[in-house]
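Structural overview
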Amino acid sequence: MDFLTILAAADAGNAASEGGQFGINVSLIIAQALNFIIVALLLYFFAVKPILATMDERQAKISDGLQYAEEMKSKLAESEREQAELTRKASEEAQAIVKEARDQAKTYYDQQVQLTSAKVEDMIKQAKQANELDRERMLSEVRQEIAQLVVSTTGKVLSKDLSDDERSRFNDSAVSLLHGNN
Amino acid sequence: MNIQPEALATKLLQLSKEDGLVTSAAVEKVLSGLRELNLRNSKAVLNAYLSLVKKAIREQTVTIEYAGSLTPEALKTIIAKYEEQYARKLEVVTQETPDLIAGVRVSVADDVYDASVAGRLQTLASQVQ
């Protein structure tokens, strides 16, 4: 016998034992309805209502959190915008400073070049003047030495070659010269 | 008696001259007189007097340098010339200086009159320089 056959036989047995009644008991139904209502009320007040309150509270918290997150997001965006603006301004100022520094450096460089050029020209001029002075001094020394040499040599020659008679005549001439001068 | 040393020295210098020239004899007399006076500031007076005597001797002395020989007539001519020029009597010092080569050089105080060969050569040398 298969399983369906056994189940049909068992069901037929139960129907025979109940004797042909529908089984409706009004008092039992009312009692069960009251029980149901009581249980439902108990469940509503002690389970569903606290759970709903907790859910509302959590919903509020979640909502607050979401609102806070939104605010934070907008603040973050604002902050990012401000930061970007600050960065842009700082970048512009930095560029301006760099440009000014470059301009100043260029001006300073030009000035230094001019100064150095002037100094170099002065140095060259002074060196030329020093060379000229050295040359003049050397020429003067040479002239002086030559003149002294000529005078010395001439004096020696004259000292040796002049006779006493010539000296006497020169002396007379010198006396006449002195006598004639005032 | 408090006399200024310079003023006293000037008066002493006048006493030290004989015939317009400072002589050693006159100076000796002045010095002996100073010793007798025994002045309080005798050192200052003597210093001032010494300075004035040195200056007077330099101014009254004509130094005649020459090379070779110089005749007495030439010497007289030179003395007369400079006594006339300076309008005072001069004491003559002659000196033979072979470095002059030939010629004469006359010095009176700080004035020098050079008519020597060496002097002319030196003038030539300075002109060349």
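Here is a short report on the structure shown in this document. Just so you know, these numbers come straight off a predicted model, no measurement behind them. (Residues numbered from 1 in each chain as written. Chains lettered and ligands numbered in written order. Predicted model: local features only at pLDDT ≥ 70, side-chain atom pairs only at ≥ 80, totals over all residues. Heavy atoms only, no water.)

Digging into the overall build of chain A
The number of helices and strands found in chain A is three helices and zero strands. Helices and strands in chain A line up, N terminus first, as α-α-α. A buried classification covers 5% of the 182 residues belonging to chain A. For chain A, the exposed area adds up to about 15800 Å²; of that, 61% sits on carbon and sulfur atoms. (Helix = DSSP H or I, 4+ residues; strand = E, 2+ residues; numbered from the N terminus. Buried < 20%, exposed > 50% of the residue type's maximum accessible area, 1.4 Å probe, protein only. Areas by Shrake-Rupley, 256 points an atom, 1.4 Å probe, with all protein chains shown as cover.)

Some thoughts on the interface of chain A and chain B
Chain A puts 22 residues into the contact, and the matching count from chain B is 26 residues. Both sides together, the interface formed by chain A and chain B hides about 2100 Å², and carbon and sulfur atoms give 67% of it. Of all residues in chain A, A:Phe170, A:Asn171 and A:Leu178 give up the largest surface area on contact with chain B, accounting jointly for 28% of the area buried on that side. Linking chain A with chain B are five residue pairs in polar contact (both at pLDDT 80 or more). When residues of the side of chain A that touches chain B are traced back to their parent elements, those giving at least two are helix H2 (26-161) and helix H3 (164-180) of chain A. If you tally residues by element for the side of chain A that touches chain B, the top one is H3(A), at ten residues. (Contact = heavy atoms within 4.5 Å. Buried area = accessible area lost by both parts, 1.4 Å probe. Polar contact = N/O pair within 3.5 Å; in protein donor to acceptor, adjacent residues only side chain to side chain.)

Some details on the pattern of salt bridges
All names here are of chain A. For the coordinates displayed, the defined rule picks out 15 salt bridges over all chains. Residues Asp-103 and Lys-99 are paired through a salt bridge, measuring 3.5 Å at the closest nitrogen-oxygen approach. You can see Asp-103 and its partner Lys-99 sitting in helix H2, four residues apart, about one turn around the helix. Its relative accessible area of 38% is what places Asp-103 among the partly exposed residues. Among the salt bridges present, the one from Arg-169 reaches Asp-165, with a minimum N-O distance of 3.6 Å. Of the two residues, Arg-169 and Asp-165 are both situated in helix H3; the distance of four residues between them amounts to about one turn of the helix. The exposed category is assigned to Arg-169, whose relative accessible area is 52%. If you follow the salt bridges from partner to partner, you end up with Glu-85, Arg-88 and Glu-92 in one network. (Salt bridge = Lys/Arg side-chain N within 4 Å of Asp/Glu carboxyl O.)

Some thoughts on the sheet that holds strand S5 (residues 103-108) of chain B
With mixed pairing, four strands are arranged side by side in an open sheet as S4-S3-S5-S6 (chain B). The open sheet has two edge strands with one neighbour each: strand S4 (91-96) and strand S6 (111-116) of chain B. Mean inter-strand twist for the sheet, computed between neighbouring axes without regard to direction, equals 15°. Pairing geometry for strand S3 (residues 61-67) of chain B and S5(B), over six bridges, is antiparallel. Each residue of the ladder has a partner; that of B:Glu65, found in S5(B), is B:Arg105. Strands in contact with H3(A) are S3, S5 and S6 of chain B; relative to S5(B), the strand with the most contacts, it is inclined by about 40°. (Pairing = 2+ DSSP bridges. Axes fitted to C-alpha atoms, helices over the stretch in contact; angles between N-to-C directions.)

Digging into the packing of aromatic side chains
Throughout the structure, instances matching the rule amount to two aromatic pairs over all chains. Taking 5.2 Å as the distance between ring centres and 80° as the angle between the ring planes, the aromatic pair formed by A:Tyr44 and A:Phe45 counts as edge-to-face. It is B:Lys81 that lies over the ring of B:Tyr82; its NZ or CZ is 5.8 Å from the centre. (Phe/Tyr/Trp six-rings, centres within 6.5 Å; stacked < 30°, edge-to-face > 60°. Lys NZ or Arg CZ within 6 Å of the ring centre and 35° of its normal.)

Some remarks on the nonpolar core
Counting 18 residues, the largest nonpolar core has A:Leu178, B:Ile64, B:Leu70, B:Ile78, B:Tyr82, B:Val104 and B:Val106 as its most contacted members. Among the secondary structure elements, those contributing two or more residues to this core are H3 of chain A together with S3, helix H4 (72-86), S5 and S6 of chain B. Take this core: its biggest share by element is five residues, from H4(B). Among all residues touching B:Val106, those that are not within four sequence positions of it are A:Leu178, B:Val62, B:Thr63, B:Ile64, B:Ile78, B:Tyr82, B:Asp111, B:Val112 and B:Tyr113. Ranked by size, the runner-up nonpolar core spans 14 residues in total, among them B:Ala9, B:Val22, B:Leu39 and B:Tyr49. (Core = buried A, V, L, I, M, F, W, Y, C linked by side-chain atoms within 4.5 Å.)

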